[in-house]
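# Structural description and commentary
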Amino acid sequence: MINKFKNVVCVPTYNRPEVIEELLIRYQGMYESLNYDIYIYDSSENQDTKEVLERFLLKSNNIYYEHIDSAVHSNMKVYKIYKDFAERKEYKYIWVQSDSIRWANDVLEQITEILNTKEYDLVVPNYRDIEHIGTKVYDNPNLFFKECAWHMSLYGATIVKRNTFLQNVDGNDLERRFCVPTKINFSHVGLYFEQIIMLPSFKGIHISLEEGSLTSSLYKKDSGWKRQSLFILCEAWPNLINELSDRYKYKKEVIKKEGVYSGYFDEYGLKRLRV
């Protein structure tokens, strides 16, 4: 693949040096070949992750390290990332990813081809296309909200175009509305959909991928917030969705999708939570 543009993958992390090491061992070369830089935003309570990065920095040209205070919430790191890269003109797309997700190489190539050859404000790769939407282009924010919002709660499920989507972000207003204890777990979704309605015109794409296109790190044992599932899915998510602009319809439908489609509140998921 001939890469005309440079994109960036940003990874917030906290106290998981082994996960970051595995990520870089397996994917640093792949990302470099596809012309991505990798920024690790680390808020660990010790130096272990930094020491891992220092070994890779000596031999890699596309890895960068940012230290964040350990008291900073994960979602505030995401807000900081978007603020940091809003004016970084060397990058076309910004892709925030969880430290534990692993895209298949051929999927990374497929997504990158779209980023490098098309112009979308938002790109949503989806390995769990439960509703069989297929690969679909959107210009209607409400339809995009109805069909894609639940999946965009995942770090890694949304890629934003820097020079359209990240311009004129009112960070203070978004933080005031979304970065509060009752909504902060999904405050990145609030940013996405409030920004969409600020655009003079909107163009997004949902990319339908096969199951298995995305896997978890070998070191990931379980969801970091499983014990908070009821609060996060029954309070934080509805609070966030209901806080969005009244221009968005289908809010009740979107609220229900997150719990069921994520697997937490289907029959099997509820049994696991009970155990």
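The following refers to the structure shown.

## A word on the packing of helix α3 (residues 74-85) against helix α8 (residues 187-196)
The N-to-C vectors of α3 and α8 enclose an angle of 35 degrees; their axes lie 9 Å apart at closest approach. Together, Asn75, Val78, Tyr79 and Tyr82 of α3 and Ser187, His188, Leu191 and Tyr192 of α8 make up the contact between the two elements. Considered class by class, the residues forming the contact of α3 with α8 number five nonpolar, three polar and no charged.

## Looking at the packing of aromatic side chains
Under the criterion given, the structure shown has 18 aromatic pairs. Relative to Tyr248, the ring of Phe145 lies with its centre 4.9 Å away and its plane at 45 degrees, an arrangement referred to as tilted. A residue pair is termed long-range when its members are at least 10 positions apart, and Phe145 in helix α5 (residues 141-148) and Tyr248 in the loop between α9 (229-243) and α10 (251-261) qualify at 103 residues. The same class applies to Phe145 and to Tyr248, which are both buried. Measuring from ring centre to ring centre gives 6.4 Å for Phe165 and Tyr192, while their planes differ by 50 degrees; the resulting arrangement is tilted.

## So, unusual backbone geometry
The phi dihedral of Asn15 falls on the positive side, at around 55 degrees, and the residue is not glycine. Mapped onto the elements, Asn15 comes out in the loop between β1 (7-13) and α1 (17-33). With a phi angle near 55 degrees, His132 is a residue other than glycine that sits in the positive phi range. Tracing the backbone through its elements, the reader meets His132 in the loop between β6 (122-126) and β7 (136-138). Note on His132: relative accessible area 70%, which makes it exposed.

## Let's talk about the nonpolar core
Most often, soluble globular proteins have nonpolar side chains that are buried together. Counting 52 residues, the largest nonpolar core has Tyr82, Phe85, Ile94, Phe144, Phe165 and Phe193 as the members making the most contacts within it. For this core, the element with the most residues is α9, which contributes six residues. Excluding anything up to four places from it in sequence, Ile94 contacts Val8, Cys10, Ile81, Tyr82, Phe85, Thr158, Ile159, Val160, Arg162 and Leu166. Residues Leu23, Leu24, Phe56 and Trp103 belong to the second largest nonpolar core, which totals 34 residues.

## Focus on the packing of α9 against α10
Close contact between α9 and α10 brings their axes to 10 Å; oriented N to C, the two are set at 150 degrees. The way α9 lies across α10 gives a crossing that is right-handed. For the pair formed by α9 and α10, the contact residues are Leu233, Trp237, Pro238, Ile241 and Asn242 on the first element and Lys251, Val254, Ile255, Glu258 and Gly259 on the second. Across the contact of α9 with α10, the residue classes break down as six nonpolar, two polar and two charged.

## A word on helix α7 (residues 171-178)
For an α-helix, the turn length of 3.6 residues means that residues three or four places apart are oriented alike. Here α7 has its buried residues at Leu174, Arg177 and Phe178. Seen along its axis, α7 keeps its buried residues to an arc of 75 degrees; they face one direction. α7 presents Asn172 and Arg176 as exposed residues on the side facing more than 90 degrees away from its buried surface.

## Remarks on the sheet that holds strand β2 (residues 36-42)
Pairing is mixed across the open sheet formed by eight strands, whose spatial order is β3-β2-β1-β4-β8-β6-β9-β7. The two strands at the open ends of the sheet, each matched to only one other strand, are β3 (63-67) and β7. Looking at each pair of strands side by side, their axes are set apart by 20 degrees on average, direction ignored. Looking at chain direction, β1 and β2 are connected through seven bridges and run parallel. Paired with Val9 across the bridge in β2 is Ile38. Against the sheet, helix α2 (residues 48-57) contacts β1, β2 and β3, and its axis sits at roughly 155 degrees relative to β3.

Definitions and cut-offs
Residues numbered from 1 in each chain as written. Predicted model: local features only at pLDDT ≥ 70, side-chain atom pairs only at ≥ 80, totals over all residues. Heavy atoms only, no water. Axes fitted to C-alpha atoms, helices over the stretch in contact; angles between N-to-C directions. Helix = DSSP H or I, 4+ residues; strand = E, 2+ residues; numbered from the N terminus. Contact = heavy atoms within 4.5 Å. Nonpolar A, V, L, I, M, F, W, Y, C, P; charged D, E, K, R; others polar. Phe/Tyr/Trp six-rings, centres within 6.5 Å; stacked < 30°, edge-to-face > 60°. Buried < 20%, exposed > 50% of the residue type's maximum accessible area, 1.4 Å probe, protein only. Core = buried A, V, L, I, M, F, W, Y, C linked by side-chain atoms within 4.5 Å. Left-handed = near helix turned anticlockwise from the far one by under 90°. Arc of directions from axis to C-beta. Pairing = 2+ DSSP bridges.

Geometric descriptors of this kind do not, in isolation, establish any biological role.
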